[in-house]
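Each chain, written out:
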Amino acid sequence: MLRFGLIGWPVKHSLSPPMHGAAFQACGLDATYELIETPPSEIPATVRHLQTQGFRGWNATVPHKAAMAAIVDQADPVARAANSVNTVVVSDGQLTGYSTDGYGLEEALRAAFALVVPGSSIGFIGAGGAARACCMHFANRGVRKLVIANRTLESAISLLGDIQAFQSGLLGSACSLADTHALQAALADVDVVIQATSVGLHAHDPSPVPAECLPKGIPVMDMIYRRTQFLHAAASCGAPIADGQSMLLYQGARSFELWTGREAPVDVMRRALEIALANQ
Ligand code: ATR
């Protein structure tokens, strides 16, 4: 029996167990995906426990992605630059960390809008951990330009500096969400806008951006996997929209491939995710 799981705090509402369970079953793998609720202070002890229990790998979710980056023996360059590990592979007692969130977002953009990341100009609302992981992946994939708009301007400037240190020559701009003129100008030539703040996790959260600041007709995606106020506002202005469900799907598909070395059964995983979401 192969054991995998998800370390988070909290994790009980996660949709990953049915998604990975369906993938293991479809591939005929005798494997489990377990929820491992872990407070921040217990991360090192939990990781040691999983190793002694013979786990082959695990996912880490909020708030543990940075802690996991500090614990692994080695990490891929994007995970290192983002200081974010959401997938750990155990091999010969060594822990290797990866960040599959950016891959998930890239594939979701391709599926929803036929958008190709290399050469594109991409706007992010937010400069927290989620934006950082995806920006570093996009920088590594040859994005042309990144625009980072955030409530706290200093965090947007700091993230942009870190991205340009990782990938020199990348075009970029940072602006404050409160400065609507600067925001409109900065987003004017992007190919897509990504909502990457935590605003919208609660059903009644307002949109973090006035819809009139979004460029007309440009697709928008929210990393949150339901119809947020941000998406409602964008749709009412005629923008093509997509929620974060398919980002969740593709980041999971990549984790599956890293753990098993097999192609992920994406259609099976999507169906399991849809059923789990409908039952939530
Ligand atoms: P993380 O731990 O991933 O960094 P976070 O601290 O919850 O997550 O913040 C994620 C993002 O949501 C940040 O861009 C944050 O903006 P600030 O840098 O200004 O804190 C953004 N965010 C959180 N609450 C917000 C709000 N009410 N309005 C706008 N942005 C918000």
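Here we summarise the structure given alongside this text. Everything quoted here is computed from the prediction, not taken from an experiment. (Residues numbered from 1 in each chain as written. Predicted model: local features only at pLDDT ≥ 70, side-chain atom pairs only at ≥ 80, totals over all residues. Heavy atoms only, no water.)

## Remarks on the packing of aromatic side chains
Pairs of aromatic rings are described using the distance from one ring centre to the other and the angle between the two planes.
Consideration 1: Going through the model one piece at a time under the given rule, you end up with five aromatic pairs.
Consideration 2: Taken together, a centroid distance of 5.4 Å and an interplanar angle of 25° make the contact between Phe-4 and Phe-24 stacked. Of the two residues, Phe-4 is situated in strand β1 (residues 2-8) and Phe-24 in helix α1 (residues 16-26); the sequence distance between them amounts to 20 residues.
Consideration 3: For Phe-4, a relative accessible area of 1% puts it in the buried group.
Consideration 4: For Phe-24, a relative accessible area of 2% gives the class buried.
Consideration 5: An aromatic cluster is defined as three or more aromatic residues linked by ring pairs; in this entry it consists of Phe-4, Phe-24, Tyr-33, Phe-256 and Trp-259.
Consideration 6: Note that Arg-254 overlies the ring of Tyr-103, its terminal NZ or CZ placed 5.7 Å from the centroid. (Phe/Tyr/Trp six-rings, centres within 6.5 Å; stacked < 30°, edge-to-face > 60°. Helix = DSSP H or I, 4+ residues; strand = E, 2+ residues; numbered from the N terminus. Buried < 20%, exposed > 50% of the residue type's maximum accessible area, 1.4 Å probe, protein only. Lys NZ or Arg CZ within 6 Å of the ring centre and 35° of its normal.)

## Thoughts on the packing of helix α5 (residues 101-113) against helix α10 (residues 245-260)
Consideration 1: Two numbers describe how α5 lies on α10: the axes approach to 7 Å, and their chain directions differ by 125°. Of the possible angle classes, the one that applies to α5 and α10 is oblique. In the packing of α5 onto α10, the handedness of the crossing is right-handed. Note on element contacts: α10 touches α5 through Ser-246, Met-247, Tyr-250, Gln-251 and Arg-254, opposite Asp-101, Tyr-103, Gly-104, Leu-105, Glu-107, Ala-108 and Ala-111. (Axes fitted to C-alpha atoms, helices over the stretch in contact; angles between N-to-C directions. Parallel < 35°, antiparallel > 145°, perpendicular 65-115°, else oblique. Left-handed = near helix turned anticlockwise from the far one by under 90°. Contact = heavy atoms within 4.5 Å.)

## What about the site of the ligand?
Consideration 1: Near the ligand you find Gly-126, Ala-127, Gly-128, Gly-129, Asn-150, Arg-151, Thr-152, Ser-155, Thr-197, Ser-198 and Val-199, and these make up its full shell.
Consideration 2: At a separation of 3.3 Å, an oxygen atom of the ligand approaches a polar backbone atom of Ser-198.
Consideration 3: Here the ligand, which alone exposes 620 Å², has 59% of that area covered by the protein.
Consideration 4: Each residue belonging to the shell around the ligand can be placed in one class, and the counts come to two nonpolar, eight polar and one charged. (Near = heavy atom within 4 Å. Polar contact = N/O pair within 3.5 Å; in protein donor to acceptor, adjacent residues only side chain to side chain. Areas by Shrake-Rupley, 256 points an atom, 1.4 Å probe, with all protein chains shown as cover. Nonpolar A, V, L, I, M, F, W, Y, C, P; charged D, E, K, R; others polar.)

## Considering the nonpolar core
Consideration 1: Leu-105, Leu-109, Ile-122 and Phe-124 are the most contacted members of the largest nonpolar core, which totals 33 residues.
Consideration 2: The set of elements that each furnish at least two residues to this core consists of α4 (77-82), α5, β7 (121-125), α6 (129-140), β8 (145-150), α7 (153-166) and β10 (192-195).
Consideration 3: For this core, the element with the highest residue contribution is α6, accounting for seven residues.
Consideration 4: Ignoring anything within four residues of it in the chain, the contact list for Ile-122 reads Leu-115, Val-117, Phe-138, Val-143, Lys-145, Leu-146, Val-147, Val-190, Val-192 and Ile-194.
Consideration 5: In this structure, Phe-4, Ala-23, Phe-24 and Leu-29 belong to the second largest nonpolar core, which totals 25 residues. (Core = buried A, V, L, I, M, F, W, Y, C linked by side-chain atoms within 4.5 Å.)

## As for the sheet that holds strand β6 (residues 94-98)
Consideration 1: Spatially, the six strands line up as an open sheet ordered β2-β1-β3-β5-β6-β4, and their pairing is mixed. For this open sheet the edge positions go to β2 (31-37) and β4 (74-75), each flanked by a neighbour on one side alone.
Consideration 2: Judged from the two bridges that link them, β1 and strand β3 (residues 57-60) form a sheet pairing that is parallel. Bridge pairing in β3 links Leu-6 to Asn-59.
Consideration 3: Of the strands in this sheet, β1, β2 and β3 touch α1, which is tilted by about 165° from β2.
Consideration 4: Along the sheet, α10 contacts β1, β2, β3, β5 (87-91) and β6; its crossing angle with β5, the most-contacted strand, is approximately 5°. (Pairing = 2+ DSSP bridges.)

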